[in-house]
Amino acid sequence: MAIRMTVFGTGYLGATHAACMAERGHEVLGVDVDAEKAERLKAGDVPFYEPGLPEVLKRNIEAGRLRFTTSYEEAAEFGDVHFIGVGTPQRRGEYAADLKYVHSVIDTLGPLLKRPALIAGKSTVPVGTATELAERVARLSPVGDQVELAWNPEFLREGFAVKDTLEPDRIVAGVQPGGKAEAILREVYAKAVDAGTPFLVMDYATAELVKVSANAFLATKISFINAMAEMCEAVGGDVTLLADAIGHDTRIGRRFLNAGLGFGGGCLPKDIRAFMARAGELGADQALTFLREVDNINMRRRGRMVEIATEALGGTLIGKNVAVLGAAFKPDSDDVRDSPALNVAGMLQLKGAAVSVYDPKAMENSRKMFPTLGYSESVVDACEKADIVLVLTEWQEFRELDPAELEGVVRGRVVADGRNCLDARKWIDAGWNYRALGRNLST
Ligand code: NAD
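Residues numbered from 1 in each chain as written. Predicted model: local features only at pLDDT ≥ 70, side-chain atom pairs only at ≥ 80, totals over all residues.

## Quick notes on the site of the ligand
Piece 1. Taken together, 26 residues surround the ligand, and among them G9, G11, L13, S123 and T124 come closest.
Piece 2. Looking at the shell around the ligand, the elements with two or more residues in it are α1 (12-23) and α5 (100-109).
Piece 3. Taken together, the residues that form the shell around the ligand break down as 10 nonpolar, 11 polar and 5 charged. (Near = placed C-beta within 6 Å. Helix = DSSP H or I, 4+ residues; strand = E, 2+ residues; numbered from the N terminus. Nonpolar A, V, L, I, M, F, W, Y, C, P; charged D, E, K, R; others polar.)

## Here we look at the UniProt feature "domain: UDP-glucose/GDP-mannose dehydrogenase C-terminal" (unreviewed entry) in the protein chain
Piece 1. Per the UniProt annotation, the sites labelled "domain: UDP-glucose/GDP-mannose dehydrogenase C-terminal" (unreviewed entry) are residues 323-424.
Piece 2. With 31% helix and 18% strand, the stretch residues 323-424 has end C-alpha atoms that lie 18 Å from each other. (UniProt positions renumbered as here; feature names shortened; annotations may be inferred.)

## Some details on the domain arrangement of the protein chain
Accessible area lost on assembly of the parts is the figure often given for the size of an interface.
Piece 1. By the assigned domains, the protein chain splits into domain 1 (4-202) and domain 2 (204-443).
Piece 2. A separation of 32 Å is found between the C-alpha centroids of domain 1 and domain 2.
Piece 3. Here the side of domain 1 that touches domain 2 is composed, by residue class, of 18 nonpolar, 7 polar and 2 charged. (Domains from an automatic or database assignment.)

## Observations regarding the sheet that holds strand β13 (residues 414-417)
Piece 1. As summarised here, the arrangement of the 6 strands in space is β11-β10-β9-β12-β13-β14, forming an open sheet in which the pairing is parallel. Each of the sheet's edge strands pairs with one partner strand only, and the pair in question is β11 (374-375) and β14 (433-436).
Piece 2. In the sheet, strand β9 (residues 321-325) pairs with strand β12 (residues 388-391) via 4 bridges, with the strands oriented parallel. Looking across to β12, one finds that V322 is bridged to I388.
Piece 3. Running at roughly 160 degrees to strand β10 (residues 354-358), helix α14 (residues 340-350) makes contact with β9 and β10 of the sheet. (Pairing = 2+ DSSP bridges. Contact = placed C-beta atoms within 7 Å. Axes fitted to C-alpha atoms, helices over the stretch in contact; angles between N-to-C directions.)

## Here we look at the pairing of strand β5 (residues 117-121)
Piece 1. Of all 5 residues that make up β5, 5 are buried, and the element is covered over most of its length.
Piece 2. Side chains of β5 alternate between two faces, with A117, I119 and G121 and L118 and A120 buried alike.
Piece 3. One ladder, built from 4 bridges, connects strand β4 (residues 81-84) with β5; its direction is parallel. Along β5, the bridge assignment pairs I84 with G121.
Piece 4. For the handedness criterion, the β-α-β arrangement of β4, α5 and β5 is classed as right-handed.
Piece 5. Note: β5 against strand β6 (residues 147-151), 5 bridges, orientation parallel. Bridge pairing in β6 places A120 opposite A150.
Piece 6. Between the parallel pair β5 and β6, the chain is carried across by helix α6 (residues 129-140), and the sense of this crossover is right-handed. (Buried ≥ 20, exposed ≤ 12 C-beta atoms within 10 Å, placed from the backbone. Right-handed = clockwise from strand over helix to strand, strands pointing away.)

In structure tokens, the structure reads:
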């Protein structure tokens with residue numbers, strides 16, 4: 001059965017959710033306070049890079065199932081289910097999450113809800129938020145607790161967001177006992193549930209914890225292998241061989257064991273920090289002190305990358321030309337929030353290098369966030385007269401680079417592979433000095 005639903009916040013999460021819910025046959029209204037974003041989406045133009053999303057968006061706008069607005073009144077009138085997908089960034093100067101956007105949705109929408117409805121939160125929030133919001137909305141709405149609240153965290157990965165939304169690994173429904181929320185969410189996700197997607201019903205707190213603990217686990221797995229990279233650097237081992245070998249153990253698994261520059265983006269770093277902050281507020285800080293180390297290991301890799309570049313250039317970056325390939329926090333995305341690549345590029349520049357950054361999709365966002373860095377329009381442009389080439393985001397285009405193409409372009413044949421994504425042998429055989437994190441192949 002088609003449900004009339006709204007999605008508040010049409011960024012990476014919300015725009016994808018809105019388009020994919022329409023693809024599943026629902027009638028969807030996306031709502032954003034950013035009028036320009038709403039206008040672009042209305043016109044079928046995705047304001048960020050996400051493979052496959054433009055097609056789903058256009059198809060559903062044309063089918064009349066998907067619209068966008070800035071009007072909360074229109075949204076309250078239209079929807080029976082209201083999803084919340086607004087940002088929950090790290091507070092400036094603190095570890096805790098800033099809930100002002102989530103509160104703003106509830107405080108504006110609540111008084112406009114004059115008939116029973118379901119609000120389903122998808123944003124990543126500190127545990128305890130849903131209970132507080134359920135009380136808040138019941139107080140604000142003219143129909144009181146006939147507006148129910150559910151917590152339905154989102155697990156999509158940028159770069160695979162459409163597939164992850166249409167065919168999720170699991171659906172988590174945090175609900176209060178005795179309500180209609182579970183039945184409504186089963187209807188919303190009927191196609192996925194019918195296709196066998198596990199639909200997991202639990203209390204609010206557990207649902208909120210599922211999301212942040214999943215991210216904490218993934219961050220820990222990455223920092224674990226990066227700690228092993230530090231050990232390999234200390235003794236001359238090779239972390240890629242180590243990862244392959246331990247990854248054969250099915251209890252460990254090879255996925256997410258890629259040593260390199262570590263994690264970044266709009267989720268993992270701020271989510272593990274907010275998780276620690278919340279643990280502290282709950283008097284359970286000891287439970288998560290290990291996450292501080294996970295964060296520290298992750299941030300150390302960025303500094304190490306700068307050291308490797310400096311060492312490879314004879315101890316100084318002053319007067320050196322550095323090509324930085326990659327700006328997005330990961331490939332197949334234009335997201336540069338807390339991007340390790342741009343962080344490294346910034347540090348290299350501060351140490352006196354002339355930096356030229358190229359990324360296939362994230363140039364516009366990078367220029368906005370780091371306007372003082374140098375930018376190029378292609379790999380070859382970025383590498384022009386470079387003393388060192390750093391590969392900091394593992395785009396396929398960079399993985400496939402042929403060192404021969406850069407022959408005569410660069411000034412020095414030195415490459416630093418920040419993602420262990422290049423064919424090291426190919427570069428070494430072509431006469432390059434190949435440097436990487438967690439392995440020493442240069443000699
Ligand atoms: P984003 O910054 O891309 O999008 C947030 C959107 O919300 C923006 O378009 C903003 O204009 C809009 N907004 C802000 N206040 C609003 C309001 N009061 N009413 C309506 N719209 C408003 O952020 P995102 O990456 O989509 O993340 C959103 C949430 O989803 C976060 O909690 C994040 O942790 C979580 N999440 C993100 C991902 C991901 O891969 N991006 C995955 C899972 C969970």
